[in-house]
Amino acid sequence: MFAAERRQLILEMVRANGAVSLRELARVVQTSEVTVRRDVRALEAEGLLDRRHGGAVLPGGFTRESGFPQKSHLATAEKTAIADLAAGLVEEGEAIVVGAGTTTQELARRLARVPGLTVVTNSLLVAQALAHANRVEVVMTGGTLRGSNYALVGSGAEQSLQGLRVSRAFLSGSGLTAERGLSTSNMLSASVDRALVQAAAEVVVLADHTKLGTDTMFQTVPTDLITRLVTDEPPAHDDRAGTELQALADQGVQIAVAGASGASGGDQVPARQQQRRDVPVPGPRRGQLPSAGPGLRTATALGDPGQGAERARVADMRRR
């Protein structure tokens, strides 16, 4: 395929989907990511698209938000791996909040198998994924439906979250940087996400590598309130993603990487989490939210034998 043909196809894919990863572009045009990156630079110089970390978006991507059909076809394999890993953080009987997004929708599909779970969400897609889970209780916020991402937003959604307290919030967004944290392109969505964060003792961000280093208009979760990031393994040549991950870890964010061959930092990795890799966190956590009240489960480090024994003892007492 000639360069002109490749670039035309790349441009058509970006126009059709709003945002496309370099990995996906390389697969479709059947060339290397190095060549695709060169093509994307040339198209950006002509003002036909904007480069983003790990991909390309339509011009004006700083404020533009792709609709659900476009997002659902972007980095699908990465989102699946992230959802598989994040589901292992959720324990039987927990109460959690799950925000709107295609990655959180994938997570919800896996949470249907967790007994005794209570999920609070403003996402119709998350609720739909859990609708037929007999042992999962779904609580939806109020609010106004935002059709582009099937989420409930506005004052009704925010008011319904007042007084709520859960163990964890699982959120995704349009971009993630160590400097600003998680961000999104829509003001109403950002406001509801901030209310979800206020309801949770810990915050888990789900973001594939294409969102690392990307900054969008409205901040939702500052870095010092992010407890854990679940992401995928960046390409070997993607130095920027690796730098961003290290910067997040330096600020106290625990990093779990789906697709890694093992674990770092000396943690024992349970059998169900063989793909987990934690980046060591230096020093105490900044901006740690207060612990939950009595009877409320809070997030714990995976693979801690003492905590695992304690959970088993509690479960045995409940059976009696």
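See above for the structure.
Below: a short report on this structure. (Residues numbered from 1 in each chain as written. Predicted model: local features only at pLDDT ≥ 70, side-chain atom pairs only at ≥ 80, totals over all residues. Heavy atoms only, no water.)

**Brief notes about unusual backbone geometry**
Short version of the rule: Numbering of helices and strands runs from the N terminus; a helix is a DSSP stretch of H or I covering at least four residues, while a strand is a stretch of E covering at least two. To sort residues, take the accessible area from a 1.4 Å probe on protein chains only and compare it with the maximum for the residue type: under 20% means buried, over 50% means exposed, and anything in between is partly exposed.
For Gln30, which is not glycine, the phi dihedral falls at a positive 60 degrees. You can see Gln30 is positioned in the loop between helix H2 (22-29) and helix H3 (33-45). Using a relative accessible area of 74% as the deciding quantity, one classes Gln30 as exposed.

**With respect to the sheet that holds strand E2 (residues 50-52)**
To keep it simple, the criterion reads: When DSSP finds two or more bridges between two strands, those strands count as paired. Here an angle of 0 to 180 degrees is reported between the N-to-C directions of two axes, which are lines fitted to C-alpha atoms, with helices fitted over the stretch in contact.
Strand order in the open sheet made by the three strands is E1-E3-E2, with antiparallel pairing throughout. Pairing within the sheet leaves two strands with one partner each, and these edge strands are strand E1 (19-21) and E2. Neighbour-to-neighbour, the strand axes of this sheet turn through a mean angle of 25 degrees, independent of strand direction. Here E2 pairs with strand E3 (residues 55-57) via three bridges, running antiparallel. Counterpart to Asp50 in the pairing with E3 is Val57.

**Considerations on the environment of Ala95**
Its location among the elements puts Ala95 in strand E4 (residues 95-98). Ala95 gets classed as partly exposed once you look at its relative accessible area, which sits at 22%. Separated by 24 residues in sequence, Ala95 and Val119 have C-alpha atoms that sit 6.0 Å apart.

**Thoughts on the pairing of strand E11 (residues 181-184)**
The pairing of strand E10 (residues 175-177) with E11 spans three bridges and is antiparallel. Each residue of the ladder has a partner; that of Leu176, found in E11, is Leu182. Joining the antiparallel neighbours E10 and E11 is a turn of three residues. Relative to strand E13 (residues 218-221), E11 runs antiparallel, the two being bridged by three bridges. Bridge pairing in E13 links Leu182 to Val221.

**Details of the pattern of salt bridges**
Inclusion rule: Just to be clear on terms, a salt bridge is a Lys or Arg side-chain nitrogen sitting within 4 Å of an Asp or Glu carboxyl oxygen.
Within this structure, the stated rule accounts for ten salt bridges. The residue Glu94 makes a salt bridge to Arg168 at a minimum N-O spacing of 2.4 Å. Linking Glu94 in the loop between helix H5 (76-87) and E4 with Arg168 in strand E9 (residues 166-171), this pair joins segments that are 74 residues apart in sequence. For Glu94, a relative accessible area of 1% translates into the label buried. Connected through shared salt-bridge partners, Asp84, Glu106, Arg109 and Arg110 make up one network.

**Things to note about H2**
Put simply, the rule reads: Our arc is simply the arc of the directions from the helix axis toward the C-beta atoms.
For H2, the full list of buried residues reads Leu22, Leu25, Ala26 and Val29. An end-on view of H2 places all buried positions within 100 degrees of arc, on one side of the element. Looking one or two places after H2, you find Gln30, whose phi comes out positive at around 60 degrees.

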